[in-house]
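Take a look at the letters that make up each chain.
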Amino acid sequence: MECLFCRIIAGTEPGNIVDGDDDVVVFTPLEREARVHLILVSRSHIASADALRPEDADLWMHLLQVARRLAREHGIDVERE
């Protein structure tokens, strides 16, 4: 496996997994850059935004929903006016 995120998910690379489900994994970097520093990735490898396909739309919508939930839980969400 060449992708760092895939290795973290597989457990062959150190990573502090803090949340996730069948489709998304959430971890904190070993060296945080901010009070809240979360990285969200899909369990399925997608090399880049350019590699996204129309059939990935549900996965990416789910990833955004997880990000929204985590932002609320960590107090870093922005309320809409």
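To start, this report covers the structure provided alongside it.

Quick notes on the rules
Note that residues are indexed from 1 along each chain, following the sequence as it is written. The predicted nature of this model means local features are confined to residues of pLDDT at least 70 and side-chain atom pairs, given and counted, to a pLDDT of 80 or more, with totals for whole chains, interfaces and linings taken over all residues. The side-chain values count all of the structure's non-hydrogen atoms but skip hydrogen atoms and water molecules. Only DSSP runs of H or I covering at least 4 residues are called helices, and only runs of E covering at least 2 are called strands; the numbering of each starts at the N terminus. Definition of a polar contact: a pair of N or O atoms within 3.5 Å, with one able to donate and the other able to accept a hydrogen when the atoms are protein atoms, and with sequence-neighbouring residues admitted only if both atoms are side-chain atoms. The contact criterion used throughout is that any non-hydrogen atoms of two residues lie within 4.5 Å. Paired strands, as defined in this entry, are two strands with at least two bridges between them according to DSSP. For every element, the axis is a line fit to its C-alpha atoms; helices are fit only across the contacting stretch, and the angle between N-to-C directions ranges from 0 to 180 degrees. As used in this record, nonpolar core signifies buried Ala, Val, Leu, Ile, Met, Phe, Trp, Tyr and Cys residues forming a set joined through side-chain atoms within 4.5 Å. Using a 1.4 Å probe on the protein chains alone, a residue whose accessible area is under 20% of its type maximum counts as buried, one over 50% counts as exposed, and one in between counts as partly exposed. Points on a 1 Å grid, built from protein atoms alone, make a cavity when a 1.4 Å probe fits but cannot get out and make a pocket when they are open with protein on both sides within 12 Å along at least 5 of 7 lines; residues with an atom within 4 Å of a point are the lining residues. Grid points are joined across faces, edges and corners, and a volume is the space filled by probe spheres set on the points. Three residue categories are used. Nonpolar comprises Ala, Val, Leu, Ile, Met, Phe, Trp, Tyr, Cys and Pro, charged comprises Asp, Glu, Lys and Arg, and polar comprises the others, including Gly. Take the residue count of a helix, subtract one, and multiply by 1.5 Å to get its expected span. Of all possible arcs, the one meant is that of the directions from the helix axis to the C-beta atoms.

On to the side chain of Ser 42, then. Note that Ser 42 resides in strand β3 (residues 39-42). Reaching out from Ser 42, the side chain makes a polar contact with the backbone oxygen of Ser 44 at a distance of 2.5 Å. Those residues in contact with Ser 42 that lie beyond four places of it in its chain are Ile 9, Asp 23, Val 24, Leu 59 and Leu 63.

This part takes up the sheet that holds strand β1 (residues 16-20). In spatial order, the strands read β1-β2-β3; together these 3 strands make up an open sheet with antiparallel pairing. Edge positions in the open sheet fall to β1 and β3, since each of these has one partner strand only. Neighbour-to-neighbour, the strand axes of the sheet open up by a mean angle of 35°, direction not taken into account. The sheet contact formed by strand β2 (residues 24-28) and β3 spans 4 bridges and is antiparallel. Pairing of Val 25 across the sheet is with Val 41, part of β3.

Turning to the nonpolar core, a few remarks are in order. The biggest cluster of nonpolar side chains holds 5 residues, and these are Val 24, Val 26, Leu 63, Val 66 and Leu 70. Looking at this core, the elements with two or more residues in it are β2 and α2 (57-73). At 3 residues, α2 tops the list of elements feeding residues into this core. Excluding its chain neighbours within four sequence positions, the residues that come into contact with Leu 70 are Asp 19, Val 26, Leu 38 and Leu 40.

Next up on the list: the layout of surface pockets. Put simply, the largest pocket is a space of about 190 Å³. Phe 5, Val 41, Ser 42, Ile 46 and Trp 60 are the residues nearest the centre of the largest pocket, which is lined by 15 residues in total. Of all the elements in the fold, those that place two or more residues in the lining of the largest pocket are α1 (4-10), β3 and α2. For the lining of the largest pocket, the residue count by class is 11 nonpolar, 4 polar and no charged.

In a regular helix each residue adds 1.5 Å, so 17 residues correspond to 24 Å; α2 covers 24 Å between its end C-alpha atoms and thus fits that length. Residues of α2 that are buried: Leu 59, Leu 63, Val 66, Leu 70 and Ala 71. All buried residues of α2 project into a common sector of 135° when viewed along the axis, lining one side. Facing away from the buried side of α2, by more than 90 degrees, are the exposed residues Asp 58, Leu 64 and Arg 68. Packed against the buried residues of α2 are β1, β2 and β3. At the exit of α2 stands Gly 75, carrying a positive phi of roughly 70°.

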